[in-house]
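Per-entry structural report
Single-letter residue listing:
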Amino acid sequence: MAHLSIIGTGNMGQAIAAVAGRGGHTVQLLGQGDTATQVTGEIVVLAVPYPAVSTVLAERGESLAGKVVVDITNPLNFETFDSLTVASDGSATAEIAEALPQSRVLKAFNTNFAGTLAAGTVGPLGTTVLIAGDDADAKSDLAGVITSGGLEAIDAGSLSRARELEAIGFLQITLAAGEKVAWTGGFGVVAA
């Protein structure tokens, strides 16, 4: 069984912790202010808003060396909801990977809403978590946590695919904010 540390105790952090718990994994939940508490998980989920990532990395970067670090952020302009805030040829995940060269960085959970993680469904479909990253073992470890918690996991490719995952997350959020889809709905995957 894996041990996860989740930095961020909001809806997404709680939902990811519940998925891991259903799979029999142990979870350490850390609020952004719990900087004195050591990160103990071998998989660390950054369940914080994108603007908070730089602070988390400044405070905890050294302690994340050798760990699998999962970025769930969607780096969008929350004031206007009209664009991503990273370079058009980059991603938040690529920025994190550059800042943490001793970590195995993955992108996952950003195309899911907390409600679909908790329910295990998106409408009539099972919830699927898309994972991007350059380390096959790290992706396999995270996929094991996800599937043991009752969800599906799909390897979406290399770390460079994080950009497309962020675009999907951005679209889904803007649709929900515009009340075109429910926060308990969103995109599903049929892998047939």
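1. Quick word on the packing of helix α2 (residues 50-60) against helix α3 (residues 92-99)
Where α2 contacts α3, the two axes come as close as 11 Å, and the packing angle between them is 5°. With respect to α3, the axis of α2 lies roughly parallel. Where α2 abuts α3, its residues Y50, V53 and L57 lie against A92, E95, I96 and A99. Counted by class, the contact of α2 with α3 contains six nonpolar, no polar and one charged residues.

2. Thoughts on the nonpolar core
In globular proteins that are soluble, nonpolar side chains generally tend to be buried together. In terms of nonpolar packing, the biggest core is built from 28 residues, with I43, V45, V70, F109, L117 and L142 touching the most fellow members. When contributions to this core are tallied by element, the ones reaching two or more residues are β1 (3-7), α1 (11-22), β3 (43-46), β4 (68-71), α4 (114-119), β8 (128-133) and α5 (136-148). No other element matches α1, which puts six residues into this core. Not counting the four nearest positions on each side in its chain, I43 is found in contact with A2, H3, L4, S5, V68, V70, D141, L142 and V145.

3. Some points on the pairing of β1
In terms of residue burial, β1 counts as a mostly covered element, since five of its five residues are buried. Residues of β1 alternate between two faces, with H3, S5 and I7 on one and L4 and I6 on the opposite face, all of them buried. Here β1 pairs with strand β2 (residues 26-30) via five bridges, running parallel. Counted as the bridge partner of I7 is L30 from β2. Assessed by its sense of winding, the connection that carries the chain from β1 through α1 to β2 is right-handed. Taken together, the four bridges between β1 and β3 define a ladder with parallel strand orientation. Note on β3: the bridge partner recorded for L4 is I43.

4. Remarks on the sheet that holds β4
Think of a sheet as strands paired side by side through backbone hydrogen bonds, with each pair either parallel or antiparallel. Here seven strands make up an open sheet; going across it, the order is β2-β1-β3-β4-β5-β8-β9 and the pairing mixed. Edge positions in the open sheet fall to β2 and β9 (152-157), since each of these has one partner strand only. Adjacent strand axes in the sheet meet at a mean angle of 25° when their direction is disregarded. On the sheet, α1 packs against β1, β2 and β3 and is oriented at approximately 165° with respect to β2.

5. Concerning the layout of surface pockets
Taking a probe equal in size to a water molecule and rolling it over the atoms shows the remaining empty space. The calculated volume of the largest pocket comes to roughly 490 Å³. Looking at the largest pocket, it is lined by 23 residues, and the ones nearest its centre are M12, I72, N74, F78 and I173. Of all the elements in the fold, those that place two or more residues in the lining of the largest pocket are α1 and α4. The leading source of residues in the lining of the largest pocket is α1, at three residues. Partitioning the lining of the largest pocket into residue classes produces 12 nonpolar, 11 polar and no charged.

6. Observations regarding unusual backbone geometry
Phi angles above zero are rare outside glycine, and F81 is one such case at about 55°. Summarising the element assignment, F81 is placed in the loop between β4 and α3. Unlike most non-glycine residues, F109 shows phi in positive territory, near 70°. Within the fold, F109 resides in the loop between β5 (104-107) and α4. The exposure class assigned to F109 is buried, which follows from its relative accessible area of 3%.

Conventions and cut-offs
- Residues numbered from 1 in each chain as written.
- Predicted model: local features only at pLDDT ≥ 70, side-chain atom pairs only at ≥ 80, totals over all residues.
- Heavy atoms only, no water.
- Axes fitted to C-alpha atoms, helices over the stretch in contact; angles between N-to-C directions.
- Helix = DSSP H or I, 4+ residues; strand = E, 2+ residues; numbered from the N terminus.
- Parallel < 35°, antiparallel > 145°, perpendicular 65-115°, else oblique.
- Contact = heavy atoms within 4.5 Å.
- Nonpolar A, V, L, I, M, F, W, Y, C, P; charged D, E, K, R; others polar.
- Core = buried A, V, L, I, M, F, W, Y, C linked by side-chain atoms within 4.5 Å.
- Buried < 20%, exposed > 50% of the residue type's maximum accessible area, 1.4 Å probe, protein only.
- Pairing = 2+ DSSP bridges.
- Right-handed = clockwise from strand over helix to strand, strands pointing away.
- 1 Å grid on protein atoms, 1.4 Å probe; cavity = no way out; pocket = protein on both sides within 12 Å on 5 of 7 lines; lining within 4 Å.
- Points joined across faces, edges and corners; volume = space filled by probe spheres on them.

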